[in-house]
Amino acid sequence: MKFARMLLAAIAACLVSMSVLADEMPVFKLVMKDGVFTPARLVVPAGKKFKVEVINAGKTPAEFESTPLRKEKVLGPGAESFLVFQPLSPGEYKFFDEFHMKTGQGVIVAK
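As a starting point, this report considers the structure included with it. Keep in mind the model is a prediction, meaning the values are calculated, not measured. (Residues numbered from 1 in each chain as written. Predicted model: local features only at pLDDT ≥ 70, side-chain atom pairs only at ≥ 80, totals over all residues. Heavy atoms only, no water.)

1. Side note on the environment of M25
Alright, step 1. Of note, M25 is situated in the loop between α1 (2-22) and β1 (27-33).
Alright, step 2. A relative accessible area of 32% places M25 in the partly exposed class.
Alright, step 3. Sequence separation between M25 and F85 is 60 residues; the distance between their C-alpha atoms is 9.9 Å.
Alright, step 4. When near neighbours in sequence (up to four residues on either side) are disregarded, M25 contacts K49, F50, K51 and V84. (Helix = DSSP H or I, 4+ residues; strand = E, 2+ residues; numbered from the N terminus. Buried < 20%, exposed > 50% of the residue type's maximum accessible area, 1.4 Å probe, protein only. Contact = heavy atoms within 4.5 Å.)

This is the structure we're talking about:
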C-alpha cells in the first residue's frame, strides 16, 4: 500500500512537471545598439506571461523603459539581461531608450 502511494505521487509529480514544460514562457530577443532597437516592434501573445532578453550590443549605455508597462532596465555596453512581463491585454505598449530619445523608440504589440 505504501509503495502504491509513493508510485502514484511520483507519477503525479511527473505529470505536473510535464505540463509546466508544455506551458513554457515565450522568449523574445531585443538588441539595443547605439540608439536603435532591433526589432523595434515585438509581437507577443496577449494573455500570456513572456520574457524579453535584452542585449546592449552598442558602445554606449542603453535603457529599456516603458511607462505604460512600468518596466525599465539599464545596460552598460556589451551587457545582457532580461525582463519578465505578466500577461498583457491586447494592444500596443510603447518603450524607449532614455539615453537615445530621438532614435530609440519601439512598441510591444500584444495579440
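2. Section: the nonpolar core
Alright, step 1. In terms of nonpolar packing, the biggest core is built from 20 residues, with L30, F50, V52, F64, F85 and I108 touching the most fellow members.
Alright, step 2. Breaking this core down by element, the ones donating at least two residues are β1, β3 (41-44), β4 (50-56), β5 (62-66), β7 (80-85), β8 (91-96) and β9 (105-110). (Core = buried A, V, L, I, M, F, W, Y, C linked by side-chain atoms within 4.5 Å.)

3. Quick look at the pattern of salt bridges
Alright, step 1. Taken as a whole and judged by the stated rule, the model has two salt bridges.
Alright, step 2. In this structure, K29 engages E53 in a salt bridge whose closest nitrogen and oxygen atoms are separated by 2.7 Å. Note that K29 is positioned in strand β1 and E53 in strand β4, a separation of 24 residues in sequence.
Alright, step 3. Residue K29 is classed as exposed on the basis of its relative accessible area of 51%.
Alright, step 4. Between R41 and E92 there is a salt bridge, and its shortest N-O distance comes to 3.9 Å. Taken as a pair, R41 in strand β3 and E92 in strand β8 lie far apart in primary sequence, 51 residues in all. (Salt bridge = Lys/Arg side-chain N within 4 Å of Asp/Glu carboxyl O.)

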